[in-house]
Structure formats: C-alpha cells, structure tokens
Amino acid sequence: MLEKGDKDNDILHTLTDLLDRYPRILQVFVTSSAVAGVLVIGRSVRLVTKFHRADTIPKDFIRKGVKLRGKVHGVKNGTILVEHLPILPIPRWSLRDSLQKEKNGFLRLFPAGVIMQHEGRKFLQKTLSDHPNVWFQLLSVDTAGQIEAIVMIRKNLFQSRNINLEILRLGLGRTQSLHASPSKVTKNITKDLMKAELYAEKKRKGIWKQPSMVERFYESYKLQTEKLQDWKSEKRRKGSLIYDRMTNFIRKLFKKS
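Residues numbered from 1 in each chain as written. Predicted model: local features only at pLDDT ≥ 70, side-chain atom pairs only at ≥ 80, totals over all residues. Heavy atoms only, no water.

The protein appears in an unreviewed UniProt entry as Protein C3orf33 from Holothuria leucospilota.

## Examining the nonpolar core
Membership of the largest hydrophobic core comes to 37 residues, with the highest contact counts inside it found for I80, L128 and F136. If you tally residues by element for this core, the top one is strand β6 (residues 146-154), at six residues. With near-sequence residues (within four places) excluded, F136 lies in contact with V66, K67, L68, R69, G70, V82, L107, L109, A149, I150 and M152. (Core = buried A, V, L, I, M, F, W, Y, C linked by side-chain atoms within 4.5 Å. Buried < 20%, exposed > 50% of the residue type's maximum accessible area, 1.4 Å probe, protein only. Helix = DSSP H or I, 4+ residues; strand = E, 2+ residues; numbered from the N terminus. Contact = heavy atoms within 4.5 Å.)

## Thoughts on unusual backbone geometry
Phi angles above zero are rare outside glycine, and N77 is one such case at about 55°. Position of N77 relative to the elements: it lies in the loop between β1 (67-76) and β2 (79-85). By relative accessible area, which is 76% here, N77 ends up exposed.

## Some details on the pairing of β2
With six of its seven residues buried, β2 lies for the most part within the structure. Across seven bridges, the pairing between β1 and β2 is antiparallel. Within the sheet, the bridge partner assigned to G74 lies in β2 and is L81. Judged from the three bridges that link them, β2 and strand β3 (residues 107-111) form a sheet pairing that is antiparallel. Bridging across to β3, L81 finds its partner in R108. (Pairing = 2+ DSSP bridges.)

## Here we look at helix α5 (residues 118-130)
Residue pairs spaced three or four apart in an α-helix point in one direction, given the helix's 3.6 residues per turn. In this model, α5 (13 residues) spans 19 Å end to end at C-alpha, consistent with the 18 Å of a helix rising 1.5 Å per residue. Among all positions of α5, only G120, F123, L124, T127 and L128 are buried. The arc that holds the buried residues of α5, viewed along the axis, is 115°, so those residues lie on one side. Exposed residues on α5 whose side chains face more than 90 degrees from its buried face are K126 and S129. (Expected span 1.5 Å × (residues − 1). Arc of directions from axis to C-beta.)

## Brief notes about the pairing of β1
Here β1 pairs with strand β5 (residues 133-141) via five bridges, running antiparallel. Pairing of R69 across the sheet is with W135, part of β5. Taking the residues that link successive antiparallel strands as the turn, the β1-β2 hairpin has two residues, and the phi of N77 there is positive, at about 55°.

## Concerning the packing of aromatic side chains
Using the criterion set out here, one finds one aromatic pair in the structure. Sitting over the ring of Y199, R169 keeps its end group 4.1 Å from the ring centre. (Phe/Tyr/Trp six-rings, centres within 6.5 Å; stacked < 30°, edge-to-face > 60°. Lys NZ or Arg CZ within 6 Å of the ring centre and 35° of its normal.)

## Examining helix α7 (residues 184-203)
The first and last C-alpha atoms of α7 sit 29 Å apart over 20 residues, in line with the 28 Å expected at 1.5 Å per residue. What α7 keeps buried is the set T186, I189, L193, A196, E197 and A200. The arc that holds the buried residues of α7, viewed along the axis, is 95°, so those residues lie on one side. Seen from the buried face of α7, the exposed residues on the opposite side, beyond 90 degrees, are K184, K187, M194, K195, K202 and K203. Elements that come into contact with the buried residues of α7 comprise β5, β6, α6 (163-169) and β8 (173-175). Following α7 by one or two positions, R204 adopts a phi angle in the positive range, close to 55°.

Here it is as structure tokens:
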C-alpha cells in the first residue's frame with residue numbers, strides 16, 4: 001500500500017509526464033489565463049469600451065485629459081468625425097449583447113484652441129485623409145456634443161505630430177481660449193499653442209505673411225495710377241459739362257437776337 005508521500009510523488013510525476021508529452025496544453029493554459037486577466041483589468045479601466053457618442057465617455061476621462069485612439073472618417077467644416085477604437089480590442093463573442101447591437105457612431109472633434117482659416121481647414125482635411133489613424137486628448141465637451149481635443153498622428157513609435165500646433169505654426173489659424181476648465185494640463189496646452197502662433201508670426205507664415213518691398217511698391221504704384229485715372233476722368237467729365245453749358249448759353253443768345 002502506497003503511503004501519502006508516494007501518492008503525491010506519483011501524481012506529480014504523472015502531471016509532469018503529461019505536460020512533457022503535450023506542451024501545447026501548458027501554452028494554451030498560460031495564454032488563456034493571461035488573456036482572461038487582461039480582459040478583467042481592461043473592463044475595469046474601460047480599455048475595451050468603444051465610445052459611440054460624447055455622452056458615453058466617462059467624465060473622469062475628460063477631467064484627466066485621457067488620450068483615446070480612433071480612425072477618421074471625414075472632416076466637415078473643421079469638425080472631425082472619428083470612430084473610436086478601443087486600446088484593447090476583444091473578440092465579438094466577449095462583448096455584451098447590448099454593445100453588439102449598438103449602432104456604430106462617430107465622435108465629433110474640433111481642434112482645441114484653434115480658429116482655422118479656409119486654408120487651415122483644407123490642411124486639416126488633407127492631413128487626416130492621408131493619415132486617418134489618430135490619437136486625441138480629451139479636454140471638454142460642448143452642449144452640442146462636440147469634443148474639444150488635441151489631435152495627434154503617430155510618426156513612429158516614439159514621436160507624434162500635434163495637428164493643433166502644426167496649424168498654428170504654419171499660420172493657417174489663430175489661437176483662441178480653451179473651453180476646458182483651467183488646470184495644469186490646459187495651462188501647458190495654452191502655452192504651447194501661443195508659442196506656435198508666435199513662431200508663425202515671427203516667420204511671417206500664412207496669415208502673418210507680409211508683402212515684400214517690391215510688392216508694396218507695386219501696390220502703391222497701382223493705387224496711385226488708379227487715382228490719377230479717376231482724376232483725369234473726373235476732369236474730363238467736368239470739362240465736358242462746362243462746354244455743354246457754354247454751348248447752350250450761346251445758342252440761347254443767338255435765338256434771342
């Protein structure tokens with residue numbers, strides 16, 4: 001009869017032998033455990049939640065300026081239509097039925113702190129058309145459900161392009177006050193936006209561009225020429241009017257005589 005220690009050793013030996021023969025079982029078990037853990041953690045911090053409307057985004061996300069990932073589906077009058085992409089996509093079978101049935105919707109973003117000119121809107125549309133995958137930092141939501149955000153495009157693993165700053169640095173827009181509540185985050189963002197606008201103004205880019213000396217001289221010459229032509233035309237008109245009056249006066253004198 002086997003003692004307790006012998007039984008334990010026998011079970012351990014059998015289990016070890018089984019894993020040696022079928023290592024795939026161990027891999028599947030470890031992978032499944034890891035995925036299950038990630039899903040549990042992901043659900044707790046909403047990493048797997050897909051936001052279809054601005055009012056579904058937790059207020060805490062907006063207050064903390066959380067960055068979300070998305071895909072641009074269009075730009076209309078400076079408003080960016082974005083499909084939110086969860087950071088940790090999970091299989092459809094693991095989603096709730098209500099989420100499966102929910103119709104996909106687009107979040108509406110507008111670049112924070114920027115008043116875009118016509119060229120700025122064209123630049124925004126062209127840039128996001130070429131690079132539809134974006135990250136956006138939440139700042140506030142207005143009464144119309146539009147999200148004030150910093151829009152970014154990944155250049156590589158470590159660098160990204162800040163579209164808000166690029167618009168200002170190219171002189172394609174002006175800064176405006178942020179709608180978000182004052183905080184350390186908004187303070188730093190405002191500082192960066194003002195620096196970008198100042199750069200464009202110093203470099204005379206876009207709306208800050210000033211004509212060269214030759215262009216100014218030509219415009220001045222053109223203006224003076226137009227004034228001279230107007231003066232000559234007015235003089236001829238007055239001269240013709242005086243001539244007509246004198247002619248009529250002489251005709252009246254001859255008729256009386």
